[in-house]
Amino acid sequence: MSTIMTATAAISLSKVSKVYGSGPGAVTALDGVSLTLSRGSFTAVMGPSGSGKSTFLHCAAGLDRPTSGSVRLGETDLSGMSENELTELRRTRVGFVFQAYNLVPSLTVRENIQLPVLLGAGAPDAAWFAHVVETVGLTDRLAHRPSELSGGQQQRVAIARALVTRPDVVFADEPTGALDTRTGAQVLRLLRSVVESTGQTVLMVTHDPAAASVADRVVFLADGRLAGALEAPTVKVVAERMTRLGEW
Ligand SMILES: Nc1ncnc2c1ncn2[C@@H]1O[C@H](COP(=O)(O)OP(=O)(O)OP(=O)(O)O)[C@@H](O)[C@H]1O
């Protein structure tokens, strides 16, 4: 890999394939996908149901191992890593935001956000923590429990938690799937502003053209393969492209 690529690529997948099962029942969920995300970019992944989006996200994030091909996070090749090393990498170098916010109900907002740092027995960086909390607009909610917050606020806690370790990449799987349109739009604007204010790299899987239009680039998957990309996407163009790819 050239010096320029290692300097700018946050994540890089090379000919990644994933086959579930074996023999006649084997399913090829990903089929030779190569993609590079530059640092500070916001990329949305779209495609019909079953096209391999979740598998792609899981392989890129080190949650699942490709059957063949390689994934690099910055300069780290995930292929040869042990389970323990992958667990450590997920804890320290990637952040996750899921549709179901996955907050710990008994912990306060502050504790939920700090959890990844506390689990690593590290000391939270106070200035960064304050910056993240302010960016997501939760400064006056730190002592609350998740059940005392709205859905949008809970997802903002999850976003803050994903950012607190200053990960190389934040992976978001349908982050607005459980939110109403207006709250979803607020959460997306927040993710966008996070990319701009922190230089964070975000990879987001979504079914929603409006969500995808917030990204810098949309990549489309169909039958486990890359089926094109759009730069500076608009809702209309994304929706048209999805309609051509088949059932959403
Ligand atoms: N653990 C598994 N075992 C067997 N097959 C699987 C497994 N996980 C996914 N698949 C299959 O791999 C293909 C891709 O699935 P994946 O969940 O990545 O698609 P997706 O695009 O995220 O779908 P959706 O939009 O419906 O969530 C599908 O045919 C799915 O049935």
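Residues numbered from 1 in each chain as written. Predicted model: local features only at pLDDT ≥ 70, side-chain atom pairs only at ≥ 80, totals over all residues.

### Comments concerning the overall build of the protein chain
The number of helices and strands found in the protein chain is 9 helices and 10 strands. Computed over the C-alpha atoms, the radius of gyration of the protein chain is 18 Å, within 12% of the 18 Å expected from 2.2 N^0.38 for a compact globule of 248 residues. Here the protein chain holds 248 residues, and the buried ones make up 40% of them. Pairs at least 24 apart in sequence give 71% of the contacts found in the protein chain among residues at least 6 apart. (Helix = DSSP H or I, 4+ residues; strand = E, 2+ residues; numbered from the N terminus. Rg over C-alpha atoms; globule rule 2.2 N^0.38 Å. Buried ≥ 20, exposed ≤ 12 C-beta atoms within 10 Å, placed from the backbone. Contact = placed C-beta atoms within 7 Å.)

### Notes on the site of the ligand
Around the ligand lies a shell formed by Y20, G21, V27, A29, G47, S49, G50, S51, G52, K53, S54 and T55. When residues of the shell around the ligand are traced back to their parent elements, those giving at least two are strand 2 (27-38) and helix 2 (53-60). When its residues are assigned to classes, the shell around the ligand shows 3 nonpolar, 8 polar and 1 charged. (Near = placed C-beta within 6 Å. Nonpolar A, V, L, I, M, F, W, Y, C, P; charged D, E, K, R; others polar.)

### Observations concerning the environment of D31
Relative to the helices and strands, D31 is located in strand 2. Residue D31 is classed as partly exposed on the basis of its C-beta count, with 17 C-beta atoms lying within 10 Å. Filtering out sequence-adjacent residues up to four positions away, D31 remains in contact with S17, G224 and R225.

### Notes on the sheet that holds strand 7 (residues 169-173)
Reading across the sheet, the 6 strands line up as 6-7-8-3-9-10 and stay open at both edges, with mixed pairing between neighbours. The sheet is open, and its two borders are formed by strand 6 (94-98) and strand 10 (225-231), each paired with just one other strand. Taking the axes of each pair of neighbouring strands and ignoring which way they run, one obtains an average angle of 20° across the sheet. Where strand 9 (residues 217-222) lies against strand 10, 5 bridges are found, and the strand directions are antiparallel. By the bridge assignment for strand 10, L221 is matched with L226. On top of the sheet, helix 2 reaches strand 3 (42-46), strand 7, strand 8 (201-205) and strand 9; it is set at about 150° to strand 8, its chief contact. (Pairing = 2+ DSSP bridges. Axes fitted to C-alpha atoms, helices over the stretch in contact; angles between N-to-C directions.)

### Some remarks on the packing of helix 6 (residues 151-163) against helix 7 (residues 181-198)
Close contact between helix 6 and helix 7 brings their axes to 9 Å; oriented N to C, the two are set at 20°. Of the possible angle classes, the one that applies to helix 6 and helix 7 is roughly parallel. Helix 6 and helix 7 meet at a crossing whose hand is right-handed. For the pair helix 6 and helix 7, the contacting residues are G151, G152, Q155, R156, I159 and L163 in the first and T183, Q186, V187, L190, L191, V194 and T198 in the second. Residues that form the contact of helix 6 with helix 7 fall into these classes: 6 nonpolar, 6 polar and 1 charged. (Parallel < 35°, antiparallel > 145°, perpendicular 65-115°, else oblique. Left-handed = near helix turned anticlockwise from the far one by under 90°.)

### A few points about the pairing of strand 4 (residues 68-73)
Both faces of the sheet carry side chains from a regular strand, because those side chains alternate between them. Pairing between strand 1 (residues 9-20) and strand 4: 5 bridges, direction antiparallel. Counterpart to I11 in the pairing with strand 4 is L73. Bridge count for strand 4 against strand 5 (residues 76-77) is 2 bridges, and the pairing is antiparallel. The residue of strand 5 that forms the bridge with L73 is T76. Between strand 4 and strand 5, which pair antiparallel and follow one another directly, the connecting turn spans 2 residues, one of which, G74, has a positive phi of 55°.

### A look at unusual backbone geometry
For N102, which is not glycine, the phi torsion reads 55° and is therefore positive. Assignment of secondary structure puts N102 in the loop between strand 6 and helix 4 (109-119). Classification of N102 by C-beta neighbours within 10 Å gives partly exposed; the count is 13. One non-glycine residue, A232, lies in positive phi territory at about 45°. Mapped onto the secondary structure, A232 falls in the loop between strand 10 and helix 9 (235-245). Judged by local crowding, A232 falls into the exposed class, with 10 C-beta atoms found within 10 Å.

### Describing the sheet that holds strand 2
The sheet built from 4 strands is open, its strands ordered 2-1-4-5 with antiparallel pairing. In this open sheet, the two edge strands, each paired with only one partner strand, are strand 2 and strand 5.

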